[in-house]
Amino acid sequence: MKLLILKQAKIEGEIEPKVLPLGEFAFNVDEIVMIHSVIDKYDCVIKNVCGIRTKQGEGYYVLGEMKNIVELIESATWTV
């Protein structure tokens, strides 16, 4: 099992939502099935936060741009 440590995010407010960093948590990279951008109620992308969905159907907001999170996951799954 390969774990990846990310920082969980909390989104507050509907108008100009604020992203608050929460604690760190570790993901089993083999359990991640989807990574997506997060949008507000006005269909605008919320910057510096993305969503992760697991095989169990759980969803999390994580701090960071989607490109960077994908690179971290890819590097964690790289085997030599």
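Small disclaimer: the values here were computed from a predicted structure and weren't measured.

What follows deals with the confidence of the model for the chain. Detailed reading of the predicted model is not advised wherever pLDDT is low. Across the chain, pLDDT averages 89, with 96% of residues at or above 70. Summarising per-element confidence for the chain, the mean pLDDT is lowest in helix H1 (residues 66-77) (87) and highest in strand E5 (residues 59-63) (95).

With that out of the way, let us pick up the environment of Pro17. Relative to the helices and strands, Pro17 is located in the loop between strand E1 (3-12) and strand E2 (18-28). You can call Pro17 partly exposed: its relative accessible area is 21%. C-alpha of Pro17 to C-alpha of Val70: the two residues are 53 residues apart in sequence and 23 Å apart in space. Excluding residues within four positions of it along the chain, Pro17 makes contact with Ile11, Glu12, Asp40 and Ile46.

Take the nonpolar core next. Counting 12 residues, the largest nonpolar core is built from Leu4, Leu6, Phe25, Phe27, Val29, Ile32, Cys50, Ile52, Val62, Ile69, Ile73 and Ala76. Among the elements of the structure, E1, E2, strand E4 (45-54) and H1 are those that each provide at least two residues to this core. Looking at which element gives the most residues to this core, the answer is H1, with 3 residues. What Phe25 contacts, discounting residues up to four positions off in sequence, is Leu4, Ile5, Leu6, Lys7, Gln8, Tyr60 and Val62.

Basis of the calculations
- Residues numbered from 1 in each chain as written.
- Predicted model: local features only at pLDDT ≥ 70, side-chain atom pairs only at ≥ 80, totals over all residues.
- Heavy atoms only, no water.
- pLDDT = per-residue confidence, 0-100.
- Helix = DSSP H or I, 4+ residues; strand = E, 2+ residues; numbered from the N terminus.
- Buried < 20%, exposed > 50% of the residue type's maximum accessible area, 1.4 Å probe, protein only.
- Contact = heavy atoms within 4.5 Å.
- Core = buried A, V, L, I, M, F, W, Y, C linked by side-chain atoms within 4.5 Å.

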